[in-house]
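# A structural walkthrough
Chain by chain, the residues:
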Amino acid sequence: MVESRAAAVQELRARFAAGQTRPAEWRAAQLRGVLRMATEMEAEICDALHADLGKPKTEAHVHELSLIKSSCLFALKNLKKWMKPQKVPAKLMNFPSTARITPEPLGLVLVISAWNYPLLLSLDPVIGAIAAGNAVALKPSEGAPAMSSLLAELLPRFVDGTCIKVIEGGVKETTALLNQKWDKIFYTG
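Residues numbered from 1 in each chain as written. Predicted model: local features only at pLDDT ≥ 70, side-chain atom pairs only at ≥ 80, totals over all residues. Heavy atoms only, no water.

Turning to the nonpolar core, a few remarks are in order. Among the nonpolar cores identified, the biggest contains 41 residues, and Val34, Leu123, Met147 and Leu155 are the most heavily contacted of them. Listed in part, the twelve residues of the second largest apolar core include Ala8, Val9, Leu110 and Trp182. (Core = buried A, V, L, I, M, F, W, Y, C linked by side-chain atoms within 4.5 Å. Buried < 20%, exposed > 50% of the residue type's maximum accessible area, 1.4 Å probe, protein only.)

Spelled out as structure tokens, the structure:
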């Protein structure tokens with residue numbers, strides 16, 4: 001299992017290095033995939049949230065699903081603007097030069113999710129990482145096993161599984177993931 005986690009991280013790094021996650025079209029397709037998953041699989045997601053936390057369907061919609069859908073739509077709406085280089089003032093001593101800031105993806109992002117909002121705290125940072133052009137490994141919380149299993153099953157069906165991976169497990173698996181090299185780690189817990 002340790003080898004498979006390391007192999008997954010190596011594949012993510014290779015895909016990022018090959019530039020697969022950089023194009024706006026790829027990013028938008030992944031965001032649309034997450035949005036489709038949240039829309040088409042609502043019943044399954046609500047069932048998993050109920051199984052793990054006893055969340056009623058209305059609470060699942062208001063506090064998790066609607067926020068994920070809003071994040072996807074917001075990212076899709078602003079993606080091109082976020083990727084566009086910004087002109088900034090050049091220093092007088094560099095006259096007559098121009099300067100700009102070009103947004104660049106960080107690389108490989110690990111998202112470690114919490115148990116209390118297992119969908120929102122898993123996918124919201126994944127949405128941001130995708131929009132920024134990164135390869136992503138999601139480690140859902142073992143404290144919400146139904147949602148963890150559901151994400152591991154569904155996410156690869158709706159997004160590019162070579163650049164966005166779900167890695168399940170507990171403390172031992174999380175520790176093994178943290179021993180890998182990451183360009184950014186997002187953890188809420």
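Let us look at the pattern of salt bridges. Inspection of the entire model under this criterion finds ten salt bridges. Its salt-bridge partner being Arg13, residue Asp183 comes within 3.5 Å of it at the nearest N-O pair. Of this pair, Asp183 sits in the loop between α7 (171–178) and β6 (184–187) while Arg13 is found in helix α1 (residues 2–17), placing the two residues 170 residues apart along the sequence. Residue classification places Asp183 among the partly exposed residues on the basis of a relative accessible area of 30%. Between Lys69 and Glu42 there is a salt bridge whose closest N-O contact spans 2.2 Å. Residue Lys69 is found in helix α4 (residues 57–83), and its partner Glu42 is found in helix α3 (residues 42–53); the two are separated by 27 residues along the sequence. (Salt bridge = Lys/Arg side-chain N within 4 Å of Asp/Glu carboxyl O. Helix = DSSP H or I, 4+ residues; strand = E, 2+ residues; numbered from the N terminus.)

Okay, empty space enclosed by the protein next. Applying the stated criterion to the full structure yields one cavity of 30 Å³ or more. Lining the largest cavity are Ser113, Ala114, Pro118, Ser122, Pro140, Ser141, Ala144, Met147, Ser148 and Leu151. Top element by residues in the lining of the largest cavity is helix α6 (residues 145–158). It accounts for three residues. When its residues are assigned to classes, the lining of the largest cavity shows six nonpolar, four polar and no charged. (1 Å grid on protein atoms, 1.4 Å probe; cavity = no way out; pocket = protein on both sides within 12 Å on 5 of 7 lines; lining within 4 Å. Points joined across faces, edges and corners; volume = space filled by probe spheres on them. Nonpolar A, V, L, I, M, F, W, Y, C, P; charged D, E, K, R; others polar.)

The next subject is the packing of helix α2 (residues 24–40) against helix α5 (residues 120–131). Taken N-terminus to C-terminus, the directions of α2 and α5 make an angle of 160°; their axes are 9 Å apart at the nearest point. Accordingly, the angle class assigned to the pair α2 and α5 is roughly antiparallel. Classified by chirality, the crossing of α5 by α2 is left-handed. Contact residues: α2 offers Trp26, Arg27, Gln30, Leu31, Val34 and Met37, while α5 offers Leu123, Ile127, Ile130 and Ala131. (Axes fitted to C-alpha atoms, helices over the stretch in contact; angles between N-to-C directions. Parallel < 35°, antiparallel > 145°, perpendicular 65-115°, else oblique. Left-handed = near helix turned anticlockwise from the far one by under 90°. Contact = heavy atoms within 4.5 Å.)

Glancing now at the pairing of strand β4 (residues 135–139). Judged by how many residues are buried, β4 sits mostly within the fold: five of five residues are covered. With burial as the criterion, each face of β4 is covered, one bearing Ala135, Ala137 and Lys139 and the other bearing Val136 and Leu138. Pairing between strand β3 (residues 108–112) and β4: five bridges, direction parallel. By the bridge assignment, Val109 is partnered in β4 with Val136. Of the crossover connections in this fold, the one passing from β3 over α5 to the parallel β4 is right-handed. Note: β4 against strand β5 (residues 164–166), three bridges, orientation parallel. Each residue of the ladder has a partner; that of Val136, found in β5, is Ile164. You can see the chain leave β4, run along α6 and come back into β5, and the turn it takes is right-handed. (Pairing = 2+ DSSP bridges. Right-handed = clockwise from strand over helix to strand, strands pointing away.)

In this structure, Pro96 follows Phe95 across a cis peptide bond, with omega equal to 10°. Turning to its location among the elements, Pro96 is positioned in the loop between β1 (86–88) and β2 (99–101).

Let us look at a nonpolar patch on the surface. Nonpolar side chains collect at one region of the surface, where Leu178, Ile185 and Tyr187 lie side by side and expose about 300 Å² of accessible area between them. Along the chain, Ile185 turns up in strand β6. Ile185 sits in the partly exposed class, given a relative accessible area of 42%. (Patch = residues over 30% accessible without salt bridge, like charges linked within 9 Å, V, L, I, M, F, W, Y side chains within 5 Å. Areas by Shrake-Rupley, 256 points an atom, 1.4 Å probe, with all protein chains shown as cover.)

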